[in-house]
Amino acid sequence: AALDFIRDKQAALLDCGMGTGKSRMVVEATKLWDTRYTLVLCPLSVAPAWRKQFGLFGAGDEDVLVLDKRSTALKADALKAHVEKCRAMQRHAVVVINYDAVWRPALEKLLLHKLTPDLVVFDEVHRIKSPSGKASRFCARLAVRAKRRLGLTGTPMPHSPLDVYAEFRALDTSVFG
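Let me begin by describing the structure that accompanies this report. (Residues numbered from 1 in each chain as written. Predicted model: local features only at pLDDT ≥ 70, side-chain atom pairs only at ≥ 80, totals over all residues. Heavy atoms only, no water.)

**Some remarks on the pattern of salt bridges**
Then step 1. Within the structure shown, the criterion is met by eight salt bridges.
Then step 2. Across the pair Arg 7 and Asp 4 runs a salt bridge, and its minimum N-O distance is 3.1 Å.
Then step 3. A relative accessible area of 36% places Arg 7 in the partly exposed class.
Then step 4. Overlapping salt bridges bring together Arg 24, Glu 28 and Lys 31 as one network. (Salt bridge = Lys/Arg side-chain N within 4 Å of Asp/Glu carboxyl O. Buried < 20%, exposed > 50% of the residue type's maximum accessible area, 1.4 Å probe, protein only.)

Okay, here's the thing in structure tokens:
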């Protein structure tokens, strides 16, 4: 049902509880849309799980790079090398980065101006609910460049309806302008 819902959309929020297969939905979406470069933004604690999910449910032609234990400059170098290698080998590049690192200058410059992803996945999208937060503002700038955007969460409004403003700013600016 989730794949039918997102099939023709450029952006969507998948509000699904814990254990409902949100990450599998993303893996299936990358196959549905034939994305060549997918960027997954998530909390640091869940970053390693993405490699496992693509290993279990992927088509076998995805190379997953989890950038969790390096300086941001080294992460930027690794991201660039990974995407270029995947493009040369005609494989699907998947890069997983935590929200706290992605807005730093080295990664920001690379992601906004040189290696814009086909699909950006905001795992636990409620992590960017603060409109003035650095990660939230970066995600909004990145989102306008990406072809498709998916938000994943089980709690889209943890405190109030105001929580969804920044989430949708990153997913689809037409919702709130």
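**Side note on the nonpolar core**
Then step 1. In terms of nonpolar packing, the biggest core is built from 34 residues, with Leu 41, Leu 79, Ile 97, Leu 111 and Phe 122 touching the most fellow members.
Then step 2. The contact partners of Leu 111, leaving out residues within four places of it in the chain, are Tyr 37, Leu 39, Leu 79, Ile 97, Val 102, Thr 116, Phe 138 and Leu 142. (Core = buried A, V, L, I, M, F, W, Y, C linked by side-chain atoms within 4.5 Å. Contact = heavy atoms within 4.5 Å.)

**Considerations on the environment of Ser 130**
Then step 1. Mapping Ser 130 onto the fold places it in the loop between strand 5 (119-123) and helix 7 (134-143).
Then step 2. Classification of Ser 130 by relative accessible area gives partly exposed; the value is 36%.
Then step 3. Once you skip the residues sitting within four places of it in the chain, Ser 130 turns out to touch Ser 136, Ala 166 and Arg 169. (Helix = DSSP H or I, 4+ residues; strand = E, 2+ residues; numbered from the N terminus.)

**Some details on the pairing of strand 6 (residues 148-153)**
Then step 1. Burial runs high along strand 6: six of the six residues are buried.
Then step 2. The side-chain alternation of strand 6 yields two buried faces, one formed by Arg 148, Leu 150 and Leu 152 and the other by Arg 149, Gly 151 and Thr 153.
Then step 3. When strand 1 (residues 11-15) meets strand 6, the two strands line up parallel, connected through five bridges. Looking at strand 6, one finds that Asp 15 is bridged to Thr 153.
Then step 4. Where strand 5 lies against strand 6, five bridges are found, and the strand directions are parallel. Residue pairing across strands places Phe 122 opposite Gly 151, the latter belonging to strand 6.
Then step 5. Regarding the hand of the β-α-β motif, the stretch spanning strand 5, helix 7 and strand 6 is right-handed. (Pairing = 2+ DSSP bridges. Right-handed = clockwise from strand over helix to strand, strands pointing away.)

**Let's talk about the packing of aromatic side chains**
Then step 1. In total, this model carries one aromatic pair according to the counting rule given.
Then step 2. Aromatic side chains Trp 50 and Phe 54 sit 6.3 Å apart centroid to centroid with 40° between the ring planes, which places their arrangement in the tilted category. Separated by four residues within a single helix, Trp 50 and Phe 54 lie in helix 3 (residues 47-57), roughly one turn from each other. We note that Trp 50, like Phe 54, is buried.
Then step 3. Taking NZ or CZ as reference, Lys 9 lies 4.3 Å from the ring centre of Phe 5, over its face. (Phe/Tyr/Trp six-rings, centres within 6.5 Å; stacked < 30°, edge-to-face > 60°. Lys NZ or Arg CZ within 6 Å of the ring centre and 35° of its normal.)

**Let's talk about a nonpolar patch on the surface**
Then step 1. On the surface, Tyr 165, Val 175 and Phe 176 cluster together to form a nonpolar patch covering roughly 270 Å² of accessible area.
Then step 2. One can find Val 175 in the segment after helix 8 (164-171). (Patch = residues over 30% accessible without salt bridge, like charges linked within 9 Å, V, L, I, M, F, W, Y side chains within 5 Å. Areas by Shrake-Rupley, 256 points an atom, 1.4 Å probe, with all protein chains shown as cover.)

**Re the sheet that holds strand 3 (residues 62-67)**
Then step 1. The six strands lie next to each other as 1-6-5-2-4-3, forming an open sheet whose pairing is parallel. Looking at the sheet topology across the chains shown, the edges are occupied by strand 1 and strand 3. Adjacent strand axes in the sheet meet at a mean angle of 15°, parallel and antiparallel pairs treated alike.
Then step 2. The sheet contact formed by strand 2 (residues 37-42) and strand 5 spans four bridges and is parallel. Across the sheet, Val 40 pairs through a bridge with Val 121, a residue of strand 5.
Then step 3. Contacting strand 2, strand 3, strand 4 (92-98), strand 5 and strand 6, helix 3 runs over the sheet at an angle of about 170° to strand 3. (Axes fitted to C-alpha atoms, helices over the stretch in contact; angles between N-to-C directions.)

**Description of helix 4 (residues 72-89)**
Count 3.6 residues to each turn of an α-helix, and residues three or four apart come out pointing the same way.
Then step 1. Look at helix 4: 25 Å from first C-alpha to last across 18 residues, which is about the 26 Å you get at 1.5 Å a residue.
Then step 2. Among the residues of helix 4, Lys 75, Ala 76, Ala 78, Leu 79, His 82, Val 83 and Cys 86 are the ones counted as buried. Buried residues of helix 4, seen end-on, are gathered within an arc of 165° and therefore sit on one face of the element. Opposite the packed face of helix 4, turned more than 90 degrees from it, sit the exposed residues Asp 77 and Ala 88.
Then step 3. The secondary structure elements touched by the buried residues of helix 4 are strand 2, strand 3, strand 4, helix 5 (99-102) and helix 6 (105-113). (Expected span 1.5 Å × (residues − 1). Arc of directions from axis to C-beta.)

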